[in-house]
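Overview (structure and organization)
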Amino acid sequence: MTPASRFLTRPEPQTLRLTLDGMPVAARPGDTVAAALLAQSGDAFRETASGAPRTAYCMMGVCFDCLVEIDGRPNTQACMTVVRDGMTVRRQAGLRPLEGGRDD
Amino acid sequence: MTEADLIIIGAGPAGMSAAATAARGGARVLILDEQPRPGGQIYRDVGVAAKHRPWLGPDYAAGAALLEALDHDGIRIETGVTVWRVEVGPRVVWSRDGVSRIAQAPQLLIATGAQERPVPFPGWTLPGVMPAGAAQVLMKSAGLLPRGAVLAGSGPLLYLVAVQLIDAGAPPRALVETQRRTDLLRAARHLPRGLRDAATLWKGLGLLRRIAAAGIPRHPAASGFRAETASDGGIVFSFTSRGRAQRIETPLLLTHQGVVPSTHMSRSAGVEHVWDHVQKAVRPAVDGWGAAGVPGIHVAGDGAGIAGAEAARVGVQRGAKHQCYAEKTFPDAEIVLYGTQEEVFRDLALGRIDAQLSDSLIAQESFLSTEEGADYTFLDGDHIDVECYGEGVGIAVRKGDEELARAFSDAIAAIRENGTYAAINDAYFPFDIYGGRPEGM
Ligand SMILES: Cc1cc2nc3c(=O)[nH]c(=O)nc-3n(C[C@H](O)[C@H](O)[C@H](O)COP(=O)(O)OP(=O)(O)OC[C@H]3O[C@@H](n4cnc5c(N)ncnc54)[C@H](O)[C@@H]3O)c2cc1C
Ligand code: FES
């Protein structure tokens, strides 16, 4: 079961569309990817190497708990990336090699 | 390579003020910030959010003026860029969208601000647990309001976020406080500069009154935090408050234990760092001008250390019992002495002192119930101290008339017990005029 968003539904129109693991996510212009994902659901953004679930924590670029794959680039800070229409976001499970791509 | 007279890392209040001042003096300034928009933490997204989100309060809107001052020919601002290295020169290496650049200038100002002190406890990394400041970022920059959040920890930002949530129509479910109320006054001098200026201690107490008025339950002196995931994905938060085990379910647990200087850049620059015992944090060793002992490098703002030099100022009437008590109880505060109680209240209203100590009744009648005192409130309950205040007041009876003394004592006990005293009390005073008792009496 996907936990509901931990935030109230926003009155402002959400005009942009991105995908998370292929599922549609609505976003508001100016949102960071982290904000858009948090508005959508209460689920984890990624799993650590040991399988622990993690979501954006600091929202200011310090903790790196919000790492996701954005348009094919892994280990991208969702809290520091502003959404663009048509963005493709994927959750990360486990480690990612430094040069990009996936190792699982 | 980009050229400038002064490079500033960080477009918070410190960096923005420095840029405007330097540009007015004729310097070419390059200001770099990793956020998509300038403003820093306190004024995050002030350019777009202040108009649409009035619940962030007037202190937040005040940041717009700082932002406007950046609109100057001598200032170039680059946002969305992360500075990741500072070298001798001084030279800074920064990148945006995976492309790195180098900028050099004779002077470099590091104004990278503060970050929240992490609050570790079992379950602190679970989805559904985040710092209160992070939630504030989401409120300011994305208009996202937490659903039935629980706020846990200590410090003025916790209360500020609580009131912002109340005003936004998303009141928190509860406030779980690791401090006792009297700790607040001692903590006053350790506030971030911005908070000290924007919300003095007494305004902070105005926040407490707003929280009480909204009926938010408060759990003081809490410890033993633990978070677990509930079956619906929410958080089960357990803790102990006043010795009793408590359990609250919430979609979002927001924690806060103050902020610490961000030292990544000053460390990269080779600046010496020291442990600050008062702040309980590592900060760069800088002089009064922010010079960091490395040629061309200065540090300003919260990154240079969060404690203001000022101590909380507590006013009392000279020679009275309250001077004795204030000096004994608030060794960290600056005790300001006055000839009359009227002067104490006047300076409190003028903001020259942060707090005052007097009889509750006098504070209530002569200040709190007046227009000047509207934004003020009592900090704490009874202060009991036999050395300064004596054992209290009593009724005198003829020596040896034990029976009459007992009759008075029994009658007082009885009306305390059956609610008569409380009913009379409440008709006249917003606090318990009976007072507490010294230990062992
Ligand atoms: C999360 C949070 C919320 C806060 N909320 C409030 C509030 O509501 N009210 C209040 O009075 N005080 C608040 N404070 C305290 C507040 O931080 C300070 O009083 C004030 O913002 C300090 O100003 P500053 O200019 O020193 O730093 P900041 O305002 O923090 O600005 C520093 C800037 O530097 C940038 N930066 C940092 N590192 C880099 C890098 N490597 N490369 C490029 N840019 C970088 C950051 O993006 C940021 O914009 C808050 C603090 C935090 C941490
Ligand atoms: S949430 Fe901490 S770096 Fe993104």
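Cut-offs and rules
- Residues numbered from 1 in each chain as written.
- Chains lettered and ligands numbered in written order.
- Predicted model: local features only at pLDDT ≥ 70, side-chain atom pairs only at ≥ 80, totals over all residues.
- Heavy atoms only, no water.
- Salt bridge = Lys/Arg side-chain N within 4 Å of Asp/Glu carboxyl O.
- Contact = heavy atoms within 4.5 Å.
- Buried area = accessible area lost by both parts, 1.4 Å probe.
- Polar contact = N/O pair within 3.5 Å; in protein donor to acceptor, adjacent residues only side chain to side chain.
- Helix = DSSP H or I, 4+ residues; strand = E, 2+ residues; numbered from the N terminus.
- Nonpolar A, V, L, I, M, F, W, Y, C, P; charged D, E, K, R; others polar.
- Patch = residues over 30% accessible without salt bridge, like charges linked within 9 Å, V, L, I, M, F, W, Y side chains within 5 Å.
- Areas by Shrake-Rupley, 256 points an atom, 1.4 Å probe, with all protein chains shown as cover.
- Pairing = 2+ DSSP bridges.
- Axes fitted to C-alpha atoms, helices over the stretch in contact; angles between N-to-C directions.

An unreviewed UniProt entry annotates chain B as Transporter substrate-binding domain-containing protein of Limimaricola litoreus.

The name given to chain A in an unreviewed UniProt entry is (2Fe-2S)-binding protein, and the organism recorded there is Limimaricola litoreus.

**Side note on the pattern of salt bridges**
Across all of its chains, the model carries 19 salt bridges over all chains by this definition. The partner of glutamate 87 of chain B in a salt bridge is arginine 85 of chain B, with the nearest N and O atoms 2.7 Å apart. Note that glutamate 87 of chain B and arginine 91 of chain B form a salt bridge whose closest N and O atoms lie 2.9 Å from each other. What emerges from the salt-bridge pattern is a single network uniting Arg10, Glu12, Arg28 and Asp31 of chain A.

**Regarding the interface of chain B and chain A**
On the chain A side, the residues contacting the 37 residues of chain B number 29 residues. Contact between chain B and chain A buries roughly 2,700 Å² in total, counting both sides, with carbon and sulfur atoms accounting for 61%. The largest per-residue losses of area from chain B upon contact with chain A belong to Pro127, Leu144 and Arg147 of chain B, which jointly make up 22% of the total buried on that side. Applying the counting rule to chain B against chain A returns zero salt bridges. Inspection of the chain B/chain A interface yields nine residue pairs in polar contact (both at pLDDT 80 or more). Listed by contribution, the elements that provide at least two residues to the side of chain B that touches chain A are strand E9 (114-116), strand E10 (129-131) and helix H5 (132-142) of chain B. The residue makeup of the side of chain B that touches chain A, split by class, is 18 nonpolar, 12 polar and seven charged.

**Notes on a nonpolar patch on the surface**
Taken together, the side chains of Ile395, Leu404, Phe408 and Ile412 of chain B make up a nonpolar region of the molecular surface, amounting to roughly 320 Å² of accessible area. With respect to the element layout, phenylalanine 408 of chain B can be found in helix H15 (residues 402-418).

**Considering the sheet that holds strand E13 (residues 218-219) of chain B**
Residue and element names in this part refer to chain B. As summarised here, the arrangement of the five strands in space is E10-E17-E11-E12-E13, forming an open sheet in which the pairing is parallel. Lying at the two open borders of the sheet, with one neighbouring strand each, are E10 and E13. Here two bridges tie strand E12 (residues 174-177) to E13, and the two strands are oriented parallel to one another. Bridge pairing in E13 places valine 176 opposite histidine 219. Sitting on the sheet, helix H6 (residues 156-167) touches strand E11 (150-154), E12, E13 and strand E17 (253-257), and the angle it makes with E11 is about 160 degrees.

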